[in-house]
Structure formats: C-alpha cells, structure tokens
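Residue-level listing of the chains:
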Amino acid sequence: MGSEPIKAVRVLVPSGMLGAGWDHATIERGIALGADVISIDAGSTDSGPYYLGSATAKTTAKAVARDLRSLLRAASGAGIPVVVGSCGTSGTDSGVDWVAGIAAEVMAQEGLDLKVARIYSEQNAAALKEHLDAGRIHPLPPLGPLRAETLESCAHIVGAMGHEPIVAALRAGAQVVLAGRATDTAVAAAYPLMHGMPAGPTWHAAKIVECGGQCTDNPRAGGVLATIDAGGFTIEPLDPAVSCTPISVAAHLLYENANPFEMREPGGTLDVRDARYTAVDGRTVRVEGSRFHVADQYTIKLEGARITGYETMSFTAIRDPLILAEIDTWADLMRTMIRQRVGQTLGLADDEYAFDLRLYGHNAVLDDLEPEAGPPREVGAMLLVNAPDQPTATAIAKVANPLMLHLPTPSMDYLPSLAFPFSPAEVERGAAYEFTLNHVVDCADPMSLFRIEMGENADV
Amino acid sequence: MSEITLADLAHEVRSKNAGPFWVTLELFLRDADGYRIAADESFLNERVIAELYRVEESTVQVFRIPSLNVVKISFPRPVSQGSIRDRDMHAGQHHVPLARLPVKRPNG
C-alpha cells in the first residue's frame, strides 16, 4: 500500500455468519470488484445465553473450516486482510482459540502463511468488581444497577470491543484478525476507519452489511460489497441476479435494533435520521448523510451468562378429540398432578424446581398471548423441567411420565394412552443459562479490556 | 364481511430480539394509505401494545417512519431469553398478535 491517501475502502461481507456457507464464486466476484478487506461476524447473542454460558459454538467446525478455506484462499490471493468478529459464537477466549485452531489447520492444508492476530475479550469478575466499586459500571435499560454477586455468578463474561483493538492488530501486520466479542459493526468498520474514512458512513455501512445479504431483495443469495468514501457509501450484492434497493438498504437498520434511528457504539452514536438512500442503478444504492456523534465517555458493553439449573425434557402427543376439546382443563390438571406427585414421591416443594408444560399445536409458542381459540386437531405436550441438578430434573420428568402417558380429563372415566414419540421419554438437556449483564463499563482507553496476541496457534 | 387486520395492510410483519433484553416488531405497510392507518396514534399506540403483549405501557417505544411506510415497536423482553418460560428464543413469532389486530375500514 502506497502513502497516497486512500479515496475509498471496499468491504466484502460474504455472509451474516461464519459457518453459514456461501457460493465461493461470490467471493471471487467481490475480489474482482476490488475488495480491500473481507469482514465477517462469527457470533451472536440471538440464539440465547447457552453459547456464552457454556463457551461453545453454535456453528460446527466443518462449516467454519469450509468458510475459512474460502476466505483465506481468496484473501491470500488478493493480498487483503480478513477480519472475523465474535469468534466461537459468544467471543469467549476459548471461542477465539477454537477458530484459530481451525484456521491454522486450513492454512497448513492450503499451504498458506498468513500472520494471524487473536484478540481476547473475556473479562474476569474480580477486575470488573474494581470498576464497579469505582462507579464505572452503569446499567442499560431494562436492567438495574449491577451487584457484585451477579458478576461472581457468571460462568463467562465478555466485553464487546469497538474497532480499536482490530485496528491495532491490523497495524501490527495481521493478515487475519480473529476477534473475541466485538460489536457486529466494529468488524466491518475497523478497516475503513483505519484508512481515514468518515465515521458516519463507515458505521452506517457496517450496520447495513453485518447480516450479509439481508439488506438485498434476496437474503438467501449471499454477500455484499460496501464502498465507503469521504461523502458516504454505496452498497451492492455480490450475486449479479440480486439487487439492493433504497428500501431494502434503509430497512436493514431496523433489524435486531430497538431504535431505528440511532445505534450506540463504544465511542459514540450512529445517527441515520438524515440519511438519504438513492438508487445508483438497478442493484446498487448510494447512502449519504449518515452522522456519528462522538460520546463524552467511551464505554464497553458487557455480556455475561450464568447457570440457572439443569433441564430435562419429555414430550407426548394427543389426538383424542375428547381431550383436545378440553385441552386447557387437561393441562391445568396435569400441572396440579405433577406438583402433587413430585411432592409425594421426591419430597420437593414447588419452589425447589420449575417446569413448563407447553401445548404445541394449541398455544405453545405465544402462551397466554395466543389470540386464536378453537379445538386443535392434534397437540404435542412438552414438559420442560428445570432443577438444581440433572438427576433431580430427570427424576421429576420420570415422576411425571405416567401422567404424560395416561392422564384423563376430569370428565373421562377411563385412562387414555397418549402417543410418546420415543422411549425413554426423558431427554437430558444439560445446563440451562440466562443472560445476567446488560451494563457498560466506562473506559479511558478503548484497548484496556482486550488483549492481542500474534501467531496462528492457540495456546492449548 | 371478514375483518381487515394489520397483516392485510402489510407486506411483512415481523418480530425479533434486539439484543437479549428487547423485542422489536416491525410493520412494513404496503403503501402510504396503509401507513396512515397503522401510524395513526389514536389507533396504534403504546397502550394498545401494552395490552396486546401484557407489558408496561411506559416501557413501550413506537417509531413511525413515513419514508419507509414502517411502524416499528420495541419493548423489553417480558420473559428472560433462554429461561424455562421462554418459548420463543429469537422472539421470531411474536409479531402475530400485532399482525392480526383488527383495523377499522377508513370509511367504515
């Protein structure tokens, strides 16, 4: 790269998620269009607290390896960097090492020699307690003030980094940056910001591309290319048969975002109130007028998950019209009977465990928000039990089993036999988790909560 | 005559998590006429959403975006994500009560 100022930076985003797969031809097309960097998110909180709590990935190693092979080959051939954010779904340190291990294997197989940076984002409770005591941790709605015990109860805590650690890794010569938890946007924003592109268009473009093809008229068709310059950005899909329209691009800022006009990043707030979206041609959109307001205080958002217990699931199915005609009554009786039988046989009080009986085909999804009434044709009755340990959860499900097989409605004078799809009827789900943190920590230095290590090999 | 619902005026009604602690719902109306109906504060407002989703009215945020013919609604997730009471991990099916909200005919 020469010393002349760069006029535009082209960011290639192949997909919304590393491991989701894409057609390699779309990457080649993006390279041919002049991509300067490939950026991709590998994580999310969208699938719940399990992945952070257990420090495991939602994606499978084979799919991650396949996608990394496609990326590393293309990037190496073009001499451009690859930035991966929120490695291992939740961005724990082991998630970064997991992706680094897969990347090392792929590079060995492909004969590639790329300089890899790993950025760790995991936080320890003791260090965060010092921030808490110093008044540097603040809640985001709807959560209240943080208590030290909450920090201690977490299985894992990560901080969502901004672009600065990624920029630092790139400046240190990394050709592949494997970041722990990062804001979805920081992954795509880092390279353009490093090359002096303006913050408003850069963060806006980064938000628009974070889900790959979601901002196009065919979200299934793969990636996009964003070109950021001094005045704004343009965006086009990598599949020639697919289009971006002013509406499809503008609408993406709504996605998974509570406020459609603003988005907070560690260093400030993206403001798209005055953004203008115009069609450049049938499939490319130009966006201008995006602004970024630098915050008085730099903050890093924390995510934490803790174990709530252990779950066992059991599932039976009902087709008998007599039961279906009184399905709510039957379910209420089931709940009462389960509590009674668990008390009698296991000696557990109601507050020593929890269960949820869900009637799939009746109201399982929306529960008491369900607006429809009327008799269903068949209903799957799922019993989900949560107890302090796995054997207790399974014992409760086993006590419930005769009821799940034979419980009649109050008006029936015989025992029906319901349809179990499998036996044993109990499925152990292991630990269950909940998110505990929705707080930010004030940081004087954007790097202070993160650690960069160079070298492709995981320490394990 | 069957009732007209918001879904009939929209080409998409969707819901999704906005982070682990918020649900967001979006009505993409077909045209400006549909938008005018859905964006009418006397018809669709924080109180209506609070009743429909049994959440605190003060926590409901309604955004009206005429340039996109979109009405967007956000509120804190009433059920903790991944908890034993959570039946919709991604909040992907929570649009339905909103979608089937009956709409008064413009001149009816």
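Quantities reported herein were computed from a predicted structural model and do not represent experimental measurements.

**Student:** Would you explain the domain arrangement of chain A in this entry?
**Tutor:** When the parts come together, some accessible area is lost, and that loss is often what is quoted as the size of the interface. All names here are of chain A. Looking at the assigned domains, one finds that chain A contains domain 1 (8–121 + 161–298 + 443–454) and domain 2 (307–436). Taking the mean C-alpha position of each, domain 1 and domain 2 sit 43 Å from one another. Every contact between the two is made by 7 residues of domain 1 and, on the other side, 4 residues of domain 2. Between domain 1 and domain 2, a total of about 470 Å² is buried, with carbon and sulfur atoms accounting for 83% of that surface. The interface formed by domain 1 and domain 2 contains 0 salt bridges. For the pair domain 1 and domain 2, the interface holds 0 residue pairs in polar contact (both at pLDDT 80 or more). In the side of domain 1 that touches domain 2, the residues fall into 3 nonpolar, 4 polar and no charged.

**Student:** Would you explain the interface of chain A and chain B in this entry?
**Tutor:** The partner chain B presents 38 residues to the 43 residues of chain A that form the contact. Taking both partners together, chain A and chain B bury about 3,300 Å²; carbon and sulfur atoms supply 59% of that area. The interface formed by chain A and chain B holds 7 salt bridges in total. For Asp 46 of chain A, the salt bridge goes to Lys 16 of chain B, with nearest N and O atoms at 2.8 Å. One can count 20 residue pairs in polar contact (both at pLDDT 80 or more) joining chain A with chain B. For the side of chain A that touches chain B, the elements supplying multiple residues, two or more each, are α10 (246–252), β16 (354–360), β17 (379–387) and β18 (426–435) of chain A.

**Student:** Could you clarify how one ought to interpret the packing of aromatic side chains in this entry?
**Tutor:** Each pair of aromatic rings is reported with the distance of its centres and the angle of its planes. Per the stated rule, a full pass over the model turns up 6 aromatic pairs over all chains. When the ring of Phe 261 of chain A is compared with that of Phe 63 of chain B, the centres are 6.0 Å apart and the planes differ by 75 degrees; the resulting orientation is edge-to-face. Of this pair, Phe 261 of chain A sits in the loop between α10 and β10 (262–265) while Phe 63 of chain B sits in strand β4 (residues 61–65), each in a different chain. According to the relative accessible area criterion, Phe 261 of chain A is partly exposed, its value standing at 21%. Take Phe 63 of chain B: its relative accessible area is 11%, and that puts it in the buried class. These aromatic residues form a ring-pair network of at least three members: Tyr 50, Tyr 51 and Tyr 433 of chain A.

What counts, and at which threshold
- Residues numbered from 1 in each chain as written.
- Chains lettered and ligands numbered in written order.
- Predicted model: local features only at pLDDT ≥ 70, side-chain atom pairs only at ≥ 80, totals over all residues.
- Heavy atoms only, no water.
- Domains from an automatic or database assignment.
- Contact = heavy atoms within 4.5 Å.
- Buried area = accessible area lost by both parts, 1.4 Å probe.
- Salt bridge = Lys/Arg side-chain N within 4 Å of Asp/Glu carboxyl O.
- Polar contact = N/O pair within 3.5 Å; in protein donor to acceptor, adjacent residues only side chain to side chain.
- Nonpolar A, V, L, I, M, F, W, Y, C, P; charged D, E, K, R; others polar.
- Helix = DSSP H or I, 4+ residues; strand = E, 2+ residues; numbered from the N terminus.
- Phe/Tyr/Trp six-rings, centres within 6.5 Å; stacked < 30°, edge-to-face > 60°.
- Buried < 20%, exposed > 50% of the residue type's maximum accessible area, 1.4 Å probe, protein only.

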